[in-house]
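Descriptive analysis of the structure
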Amino acid sequence: MSLGGPFVRGSAWLGSSQLVVNGANFGMQIAIARFLGPAEYGLYALCFAIDQVLDIVGAFSLQFALIQSEREVEQAEYDTALWLCALQGLAGLGLAAAIAPVLGAERSARAAWILLALAGARVLRLLAQVPQAELERSLRYGA
């Protein structure tokens with residue numbers, strides 16, 4: 001059996017989905033820039049850039065480890081991954097909370113609150129990775 005066909009189809013799906021995601025992000029950034037205006041968008045862009053640096057705490061892709069596991073994943077492993085994702089999110093939130101007073105003093109209190117809101121959203125995004133991985137395994141590798 002040739003693996004060329006499935007490889008090409010999988011690559012096409014992943015590539016096209018990445019293009020759609022990038023296009024949607026581009027469109028959202030334009031909408032945010034138009035909605036906020038230049039001064040507010042600059043503040044948002046600064047906070048977003050700082051948040052992306054702090055996002056390094058979520059670089060340990062537990063979601064992909066769960067999905068790509070060759071053996072059956074036990075519920076205890078999902079639970080452990082969920083706790084680790086929660087700890088990663090809380091670490092990022094802690095870093096943001098440590099940076100927020102400095103950012104507030106240098107820029108504005110709004111900047112500090114935006115950074116904390118982005119960090120809170122990261123916690124939720126990291127927590128969503130484990131159920132997403134479980135769902136993907138059940139849909140893709142189920143009977």
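Note: the structure precedes this text.
Attention here is on the structure that accompanies the text. (Residues numbered from 1 in each chain as written. Predicted model: local features only at pLDDT ≥ 70, side-chain atom pairs only at ≥ 80, totals over all residues. Heavy atoms only, no water.)

1. Remarks on the overall build of the protein chain
Our working rule: Put simply, DSSP marks the helices as runs of H or I at least four residues long and the strands as runs of E at least two long, and each gets a number from the N terminus on. Here the radius of gyration uses the C-alpha set of atoms, whereas the globule reference equals 2.2 Å times the residue count to the power 0.38. Buried, partly exposed and exposed residues are distinguished by accessible area as a fraction of the type maximum, computed with a 1.4 Å probe on protein chains only: under 20%, between the cut-offs, and over 50%, respectively. Residue contacts follow a heavy-atom distance rule, with two residues in contact if any of their heavy atoms lie within 4.5 Å.
Each helix and strand counted, the protein chain has 5 helices and 0 strands in total. Helices and strands appear in the protein chain in the N-to-C order α-α-α-α-α. The C-alpha atoms of the protein chain give 19 Å as radius of gyration, which overshoots the globular expectation for 143 residues (15 Å, by more than 25%). The C-alpha extent of the protein chain, read off along each of the three principal axes, is 60 × 35 × 20 Å. In the protein chain, which comprises 143 residues, the proportion classed as buried is 24%. Of all intrachain contacts in the protein chain linking residues separated by at least 6 positions in sequence, the fraction that spans at least 24 positions is 72%.

2. Examining a nonpolar patch on the surface
Quick note on the threshold: Patch membership requires over 30% relative accessible area and the absence of a salt bridge. Like charges are linked within 9 Å, and nonpolar side chains (Val, Leu, Ile, Met, Phe, Trp, Tyr) within 5 Å. Only the protein chains shown count as covering a residue, and every accessible area follows the Shrake-Rupley method with a 1.4 Å probe. A pair is scored as a salt bridge if a Lys or Arg side-chain nitrogen falls within 4 Å of a carboxyl oxygen belonging to Asp or Glu.
Where nonpolar side chains cluster on the molecular surface, the patch consists of L84, L87 and L90 and spans about 280 Å² of accessible area. If you trace the backbone, L84 turns up in helix α4 (residues 75-106).

3. Notes on the pattern of salt bridges
Pairs may arise between side chains of opposite charge once their charged atoms sit close together. Scanning the model with the defined rule gives 3 salt bridges in all. Across the pair D55 and R122 runs a salt bridge whose closest N-O atoms are separated by 3.1 Å. Here D55 is found in the loop between α2 (38-54) and α3 (62-68), whereas its partner R122 is found in helix α5 (residues 109-141), with 67 residues between them in sequence. On the basis of relative accessible area, R122 is assigned to the buried category, the value being 2%. Overlapping salt bridges, with partners in common, bring together D51, D55, R122 and R125 in one network.

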